[in-house]
Amino acid sequence: MGTFKIEGGHQLKGSIKPQGAKNEALQILCAVLLTDQKITINNIPDIVDVNKLITLLGKLGVKVSAQGANSYEFQADDINMKYLESEQFKIDGGSLRGSIMIVGPLLARFGRGYIPKPGGDKIGRRRLDTHFEGFIKLGASFRYNREDHFYGVEAKELIGTDMLLDEASVTGTANIVMAAVLAKGKTSIYNAACEPYLQQLCNMLNRMGAKITGVGSNLLTIEGVKELGGTTHTMLPDMIEIGSWIGLAAMTKSELTIKDVSWKDLGQIPNVFRKLGITVEQKGDDIYIPAHTNGYTIQKFIDGSILTIADAPWPGFTPDLLSIVLVIATQAEGEVLIHQKMFESRLFFVDKLIDMGAKIILCDPHRATVIGHNFKSQLKSTVMTSPDIRAGISLLIAALSAKGTSVIHNIEQIDRGYERIDERLRAIGAKIERI
């Protein structure tokens, strides 16, 4: 189990560039299975979860060739479907949440797709019903082996249909779209997710020859085609990492520039941080955060009541940044209610912040009230363990702002989502050591 040793309380300075988007990468990489032609993908983040998926694709028979830093060429012209029935696949597929998105492309192109119950963050229930209900509506038969926790779908032919998703699941929408592009006839998906990363997937598929309209809305219409071709795709910067660096700058009172953030794809993110009193300036396609030497003050609602920040499907605020917002609020002037609607275990890391001296009331599994210190009482160093990716980066930000030296165990969780984070933080002045 890896460990970070962090000497907190230091101001940082300089610029940092966000990595490619993890959540986009997991979708885009699975889409290479839809064609036997070459696909080149740029700006792929060099992180554990993405590298696991690339390895899994290689074992499935995809030819993988590095083209330079963060760029790969893929060609799925000799797929080994027998691998899906192997014991090794149960291990490989079960260790990665994103592996579920190979099912749609395999079903569409080869008539069958299998997956063990995927792993990932332990942040609450993350059901797969949306994925499989969509496949069934397209004409697939479904089976589930309860003893092995193994899912399967099969179809001689997929037929386009109208469907209303029970939730605007990003991975569910992506999986169904990838199945529908090769289905016979027209598919309409209502209540579809419309995140920028899902838009990126749809635009890539259209360049490959798919016929998807309504991209960016919650109603996607797909005219099935017989085959898809190759393309080149460049991924967006990771909006969760961008939000993490905004939080880091505020908590450490640091002047930071976040480079090449793709402002048009950030949605509510800048405004939510501004509601916390943080100055977020647009300079070209960069974000500039001045040193908040006098702290920052949380806004109230117009009637004077306490601010509530909650997650919601896009274009609402992403749930992946609520833990960052919670940490930032511990040193703000004022109070805020954090409402995590989607996952019932994602706020359970607050006990570690309370140990560091934060004033937080965990109201229930979904809500926490934070009373800010206004930097009058610095967080104290401690020893802690990272429970998942997003809580892990939040605890790291807390440690970098705290007085004294903190230790974070199980940093493999952080590595799953953040590329060479210790090296990049040291480059802007952080005192962090991997031991």
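Heads up: these notes are all about the structure in this document.

Definitions and cut-offs
Residues numbered from 1 in each chain as written. Predicted model: local features only at pLDDT ≥ 70, side-chain atom pairs only at ≥ 80, totals over all residues. Heavy atoms only, no water. Patch = residues over 30% accessible without salt bridge, like charges linked within 9 Å, V, L, I, M, F, W, Y side chains within 5 Å. Areas by Shrake-Rupley, 256 points an atom, 1.4 Å probe, with all protein chains shown as cover. Salt bridge = Lys/Arg side-chain N within 4 Å of Asp/Glu carboxyl O. Buried < 20%, exposed > 50% of the residue type's maximum accessible area, 1.4 Å probe, protein only. Helix = DSSP H or I, 4+ residues; strand = E, 2+ residues; numbered from the N terminus. Contact = heavy atoms within 4.5 Å. Phe/Tyr/Trp six-rings, centres within 6.5 Å; stacked < 30°, edge-to-face > 60°. Pairing = 2+ DSSP bridges. Axes fitted to C-alpha atoms, helices over the stretch in contact; angles between N-to-C directions. Core = buried A, V, L, I, M, F, W, Y, C linked by side-chain atoms within 4.5 Å.

Regarding a nonpolar patch on the surface
Phase 1 of the analysis: Taken together, the side chains of Leu164, Tyr190 and Leu219 define a hydrophobic patch exposed on the protein surface, amounting to about 280 Å² of accessible area.
Phase 2 of the analysis: Classification of Tyr190 as partly exposed rests on a relative accessible area of 38%.

Structural notes on the environment of Val280
Phase 1 of the analysis: Tracing the backbone through its elements, the reader meets Val280 in the loop between α9 (269-275) and β15 (281-283).
Phase 2 of the analysis: Given a relative accessible area of 5%, Val280 falls into the buried group.
Phase 3 of the analysis: As for Val280 and Thr308, which are separated by 28 residues in sequence, their C-alpha atoms are 20 Å apart.
Phase 4 of the analysis: Excluding anything up to four places from it in sequence, Val280 contacts Ile246, Trp263, Pro270, Phe273, Arg274, Ile287, Tyr288 and Ile289.

Focus on the packing of aromatic side chains
Phase 1 of the analysis: The final tally for this structure, using the stated rule, is eleven aromatic pairs.
Phase 2 of the analysis: Ring geometry for Phe142 and Tyr151: centres 6.3 Å apart, planes at 35°, overall tilted.
Phase 3 of the analysis: You can call Phe142 partly exposed: its relative accessible area is 36%.
Phase 4 of the analysis: Using a relative accessible area of 13% as the deciding quantity, one classes Tyr151 as buried.

Quick word on the sheet that holds strand β20 (residues 367-371)
Phase 1 of the analysis: Strand order in the open sheet made by the four strands is β17-β18-β20-β19, with mixed pairing throughout. Looking at the sheet topology across the chains shown, the edges are occupied by β17 (307-310) and β19 (359-364). Shown here is a sheet whose adjacent strand axes are inclined to one another by a mean of 20°, direction ignored.
Phase 2 of the analysis: Here β19 runs beside β20; their pairing, made up of five bridges, is antiparallel. Looking across to β20, one finds that Ile361 is bridged to Thr369.
Phase 3 of the analysis: Sheet strands in contact with helix α10 (residues 322-329) are β17, β18 (335-339), β19 and β20, and its direction is about 160° off that of β18.

Re the pairing of β17
Phase 1 of the analysis: Only one face of β17 is buried: it carries Leu307 and Ile309, and the other face, with Thr308 and Ala310, is open.
Phase 2 of the analysis: Bridge count between β17 and β18: four bridges; the pairing is parallel. Looking at β18, one finds that Leu307 is bridged to Val336.

Quick notes on α10
Phase 1 of the analysis: Along α10, eight of the eight residues are buried, which leaves the element largely enclosed by surrounding structure.
Phase 2 of the analysis: Turning to α10, its buried residues number three or more, namely Leu322, Ser323, Ile324, Val325, Leu326, Val327, Ile328 and Ala329.

A closer look at the pairing of strand β1 (residues 3-7)
Phase 1 of the analysis: Across five bridges, β1 lies against strand β22 (residues 405-409) in antiparallel orientation. Within β22, the residue paired with Ile6 across the bridge is Ser406.
Phase 2 of the analysis: In terms of strand pairing, β1 meets strand β23 (residues 431-434) through four bridges, oriented antiparallel. Bridging across to β23, Phe4 finds its partner in Arg434.

Digging into the nonpolar core
Phase 1 of the analysis: Judged by nonpolar contacts, the single largest core of 77 residues is most densely connected at Phe273, Ile278, Ile287, Ile309, Leu326, Leu353 and Leu425.
Phase 2 of the analysis: Setting aside residues no more than four positions away along its own chain, Leu326 makes contact with Ile338, Leu347, Phe349, Val350, Leu353, Ile360, Ala368 and Val370.
Phase 3 of the analysis: In terms of nonpolar packing, the next biggest core, distinct from the first, is built from 73 residues, Ala31, Ile47, Leu201 and Leu205 among them.

Remarks on the sheet that holds strand β12 (residues 219-223)
Phase 1 of the analysis: Pairing is mixed across the open sheet formed by four strands, whose spatial order is β9-β10-β12-β11. The strands lining the two open edges of the sheet, one partner per strand, are β9 (162-164) and β11 (211-213). Averaged over neighbouring strand pairs, the angle between their axes works out to 15° when direction is ignored.
Phase 2 of the analysis: Examined bridge by bridge, strand β10 (residues 186-190) and β12 share five bridges and lie antiparallel to one another. Residue pairing across strands places Lys186 opposite Glu223, the latter belonging to β12.
Phase 3 of the analysis: Against the sheet, helix α6 (residues 170-180) contacts β9, β10, β11 and β12, and its axis sits at roughly 20° relative to β12.

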